[in-house]
Amino acid sequence: MTGIVIVIISVVAAAYLIVKKFYAPGALLLVGLLTLAVVTVISPDPLITGKKATHLAALDVVQVMTNLLQSRAAGLGMNIMVIGGFASYMNRIGAAGALVRLSVKPLSYFKSPYVVMVLGTGISLALNIFIPSAAGLALLLMVSMYPILLAAGLSRQTAAASIVMSGCLCLGPSGPNNLLGADLTNMHVMDFFLNIQWTVAWPAVIVLLISHYFIQQWFDKRDLASGRITKEDFLATASKAEDNQPDAPAYYALFPLIPVVLLFVFSPLMYKGIRMEVVTALLCSTFVAVIVHGLRSMSLRECLDSLKSFSQGMGKVFTSTVFLIVSAEVFAQGLTKSGGIDTIIQTVSSMDSGAIALYSAMFVIVGLASFVTGSGNASFFSFAPMIPDAALTVGANAAFMISPLQLISGIMRSSSPVAGVTIAVSGLSGLDPFVVIRRSIPVMLLTGITVYFSAMIHI
């Protein structure tokens, strides 16, 4: 019982700090270290045993973080940092913008506003595979897709909500949550994406698109009749966001696609003779882009200077994501070492449907944490590492339990008024964040329910 009390207090404390807009990694790290310190005082068992132990209880608290930094920075952390560097380089040379502009261009040929909206959302979900940052993708869409949605005759409220939901499912092999899911289940990232994540996600994609079509029409008609919105909202001008990316030829749009193609071709799903790691695929793609960009610019200085964005991108991702992963796992270690998680698992395991009870509890916890904190990464990184052992205890499929948690973390982030993507889109569209998420929440709830039941049949 003491362990459960510690878990509850720790979760509430971390959520409170994050909601109050304290630095999220710092909040998780502080609560995690304090929880570990409390456990050290009340528990007779050491935090660490074996070669990694310091043999001093106070130092073991810090050593927990040391061990996590050593393991994550060299493995999953390196993958994520190189992804960040690659994404930064694609932005630097204009390749990401070229991909988005090329993808959204066909939308201008459709006249039905809500058909344009649904097609745009589908394109956005596909683009998220190659541009894994939800906020980064949304900013690109605000200067490319948003004007098209407005020109089609949609209200700015509907258009903004569509952009906020663009990266809600975090599909693909290159998102941080996806990499962590593959790592925790010891699967190749493409295997995890195609055989686990997509198996769970495709019904949710259908529900998302259909519900989005009808719900936004209902909102527009109802709000227009009540005076909540006016005809001017349907005649709004495009966002004043500036596209800072340089002009790039259309074929630059191929560069962000290369890593996914390489990972798919040289994976257990296609050809096993060559082993392709995520970092190798990204570096090969970067080198191809560097060579082509250098030949196009005919400047060795520009060619080499552009690589600076790659290293800067790696550094930014370490501070924003890798450090968050380690901090979240320190927090998770505190919850685990308290014994409260084991008590909860044993309780749900004793039920007639232990696997379903555990899955349901974790699904709700991760979803609520994502909504409250506005961060899908923080919630998923905090609780996902507990799933493999917990799933083994109840005889469940760990991969199919982890995947819906990853999906619901992104879905509920797109429903949160404090999420970075919501704040960015709201600011550029001139709308209150609560006005935007009022349009996204019903769609996201239906999508989340679909994810829940879609995964349940596999657990």
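Going by the structure above, here's the rest.
Please read these numbers as outputs of a predicted model, since none were measured by experiment. (Residues numbered from 1 in each chain as written. Predicted model: local features only at pLDDT ≥ 70, side-chain atom pairs only at ≥ 80, totals over all residues. Heavy atoms only, no water.)

(A) Broad picture of the overall build of the protein chain. Looking only at helices and strands, one finds 22 helices and zero strands in the protein chain. Scaling as 2.2 N^0.38, a compact globule of 459 residues should have a C-alpha radius of gyration of about 23 Å, and the protein chain matches this with 23 Å. For the C-alpha atoms alone, the extent of the protein chain along its principal axes is close to 70 × 60 × 40 Å. In the structure as shown, the protein chain presents an accessible area of about 19,600 Å², 67% of it carried by carbon and sulfur atoms. Of note, the protein chain has its 25 positive side-chain charges centred 7 Å away from the centre of its 19 negative side-chain charges. (Helix = DSSP H or I, 4+ residues; strand = E, 2+ residues; numbered from the N terminus. Rg over C-alpha atoms; globule rule 2.2 N^0.38 Å. Areas by Shrake-Rupley, 256 points an atom, 1.4 Å probe, with all protein chains shown as cover. Lys, Arg positive; Asp, Glu negative; His and termini not counted. Charge placed at Lys NZ, Arg CZ, Asp CG, Glu CD.)

(B) View of helix α21 (residues 420–429). The complete set of buried residues in α21 reads Val421, Thr422, Val425, Ser426 and Ser429. The buried residues of α21 occupy an angular sector of 125° when projected down its axis, which confines them to one face. Against the buried residues of α21 lie α7 (134–142), α8 (145–151), α9 (156–164), α20 (398–413) and α22 (433–456). (Buried < 20%, exposed > 50% of the residue type's maximum accessible area, 1.4 Å probe, protein only. Arc of directions from axis to C-beta. Contact = heavy atoms within 4.5 Å.)

(C) Main features of the nonpolar core. The biggest cluster of nonpolar side chains holds 133 residues, and the ones touching the most others in it are Met90 and Ile163. Element by element, the count of residues in this core is highest for helix α11 (residues 189–226), at twelve residues. Once you skip the residues sitting within four places of it in the chain, Ile163 turns out to touch Ala138, Leu141, Met142, Met145, Tyr146, Leu149 and Val425. Of all hydrophobic cores here, the second largest spans twelve residues; its members include Leu29, Ile48, Ala53 and Val61. (Core = buried A, V, L, I, M, F, W, Y, C linked by side-chain atoms within 4.5 Å.)

(D) Expanded view of the pattern of salt bridges. In total, this model carries seven salt bridges according to the counting rule given. Its salt-bridge partner being Arg228, residue Asp223 comes within 3.8 Å of it at the nearest N-O pair. According to the relative accessible area criterion, Asp223 is buried, its value standing at 1%. Close ionic contact of Arg438 with Asp223 constitutes a salt bridge, the shortest N to O distance being 2.8 Å. Of the two residues, Arg438 sits in helix α22 while Asp223 sits in helix α11, which places them 215 residues apart along the sequence. Arg438 gets classed as partly exposed once you look at its relative accessible area, which sits at 22%. Each of Asp220, Asp223, Arg228, Arg438 and Arg439 takes part in a single network of salt bridges with overlapping partners. (Salt bridge = Lys/Arg side-chain N within 4 Å of Asp/Glu carboxyl O.)

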